[in-house]
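Observations on the three-dimensional arrangement
Below, each chain spelled out in residue letters.
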Amino acid sequence: MDTTVINIFCLILLFVGILGTFLPVLPGLLLSICGLLLYKFGTDADLPMIYIWAFGILTAASIVLSYVIPAKTNRKYGGTRWGSIGSVIGTIVGIFIPIPLGFLVGMFAGVFIGELLHDSKDMNKALQSTKGALIGFIYGTGFSFVVGVAMFLVVLLNMFNVI
């Protein structure tokens, strides 16, 4: 296959992977790492292996942190297991709601409702837990986004022989 076609396909995978860092219907950094690996091993690229290892570790860390960060921030802001379960259910339901960013709305609604089911008299606690979920989402998404953009830039700069 032509190297140019492979390069374009790699860039598309990397770009869609970046989109996937904040759109849950796409596998995010897994697409990006596939684009990086295809670029390294599917072309005659002289990309050093240290980038493959570093981005592999960062991708694995991102996957772990995407579960740990929201749970930790949810707990930090007074959330309970009910809010965490509500978050998962709300995200899944939100994916199928035909509104922009339905997954996000579903996640926050799930946390809020979950906390209210746990203690219906403490709306302030439910709001604080929802705030924690938002902060966790921003941290986790931000980390994944930065890693995805870094992968894209490394491949792009390597294509133009800058690195």
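Described below are features of the structure shown in this document. Treat the numbers as computed from the prediction; the structure is a model and nothing was measured.

When you go through the protein chain residue by residue, the secondary structure sums to 6 helices and 0 strands. Helices (α) and strands (β) of the protein chain occur, in sequence order from the N terminus, as α-α-α-α-α-α. Principal-axis analysis of the C-alpha atoms gives the protein chain an extent of 65 × 30 × 20 Å. Buried residues in the protein chain amount to 40% of all 163 residues.

Bringing the packing of helix 2 (residues 29-42) against helix 6 (residues 123-159) into the picture now. Put simply, helix 2 and helix 6 touch, their axes get as near as 10 Å, and they point 20° apart. On the basis of their axis angle, the class for helix 2 and helix 6 is roughly parallel. Helix-helix and strand crossings are classified by hand; for helix 2 and helix 6 the assignment is left-handed. Mapping the contact onto sequence places L29, S32, I33, L36 and Y39 in helix 2 and S144, V147, G148, M151, V155, N158 and M159 in helix 6. A breakdown of the residues in the contact of helix 2 with helix 6 according to their chemical character gives 8 nonpolar, 4 polar and no charged.

Looking at the element boundaries, M49 is found in helix 3 (residues 49-76). Residue classification places M49 among the partly exposed positions, given a relative accessible area of 35%. Ignoring sequence-local partners within four residues, the contact set of M49 consists of K40 and F41.

Attention now moves to the side chain of K40. Relative to the elements of secondary structure, K40 occurs in helix 2. In this view, K40 contacts A45, L47, M49 and I52; residues no more than four positions away in its chain are not counted.

This part takes up unusual backbone geometry. The backbone of N161 shows a phi angle near 55°, a positive value even though the residue is not glycine. With relative accessibility at 62%, the residue N161 sits in the exposed group.

If you check helix 3, its first and last C-alpha atoms are 39 Å apart, about what 28 residues at 1.5 Å a residue would give, namely 40 Å. At L65, helix 3 shows its strongest bend, of approximately 35°. Taken residue by residue, helix 3 has I52, F55, T59, S62, I69, T73 and N74 as its buried positions. In the core, the buried residues of helix 3 are packed alongside helix 2, helix 4 (81-95), helix 5 (102-118) and helix 6. One or two residues past the end of helix 3 sits G78, with phi positive at roughly 90°.

If you look at the biggest cluster of nonpolar residues, it comprises 18 residues, and the most contacted ones within it are L14, L36, Y39, L47, F55, M151 and V155. With sequence-adjacent residues up to four places away left out, M151 is seen in contact with L14, L29, S32, I33, L36, F55 and T59. Counting residues in each nonpolar core, the second largest holds 6 residues, with F103, L104, M107 and A133 among its members.

What counts and what doesn't
- Residues numbered from 1 in each chain as written.
- Predicted model: local features only at pLDDT ≥ 70, side-chain atom pairs only at ≥ 80, totals over all residues.
- Heavy atoms only, no water.
- Helix = DSSP H or I, 4+ residues; strand = E, 2+ residues; numbered from the N terminus.
- Buried < 20%, exposed > 50% of the residue type's maximum accessible area, 1.4 Å probe, protein only.
- Axes fitted to C-alpha atoms, helices over the stretch in contact; angles between N-to-C directions.
- Parallel < 35°, antiparallel > 145°, perpendicular 65-115°, else oblique.
- Left-handed = near helix turned anticlockwise from the far one by under 90°.
- Contact = heavy atoms within 4.5 Å.
- Nonpolar A, V, L, I, M, F, W, Y, C, P; charged D, E, K, R; others polar.
- Expected span 1.5 Å × (residues − 1).
- Bend = angle between axes of the 7 residues up to and from the residue.
- Core = buried A, V, L, I, M, F, W, Y, C linked by side-chain atoms within 4.5 Å.

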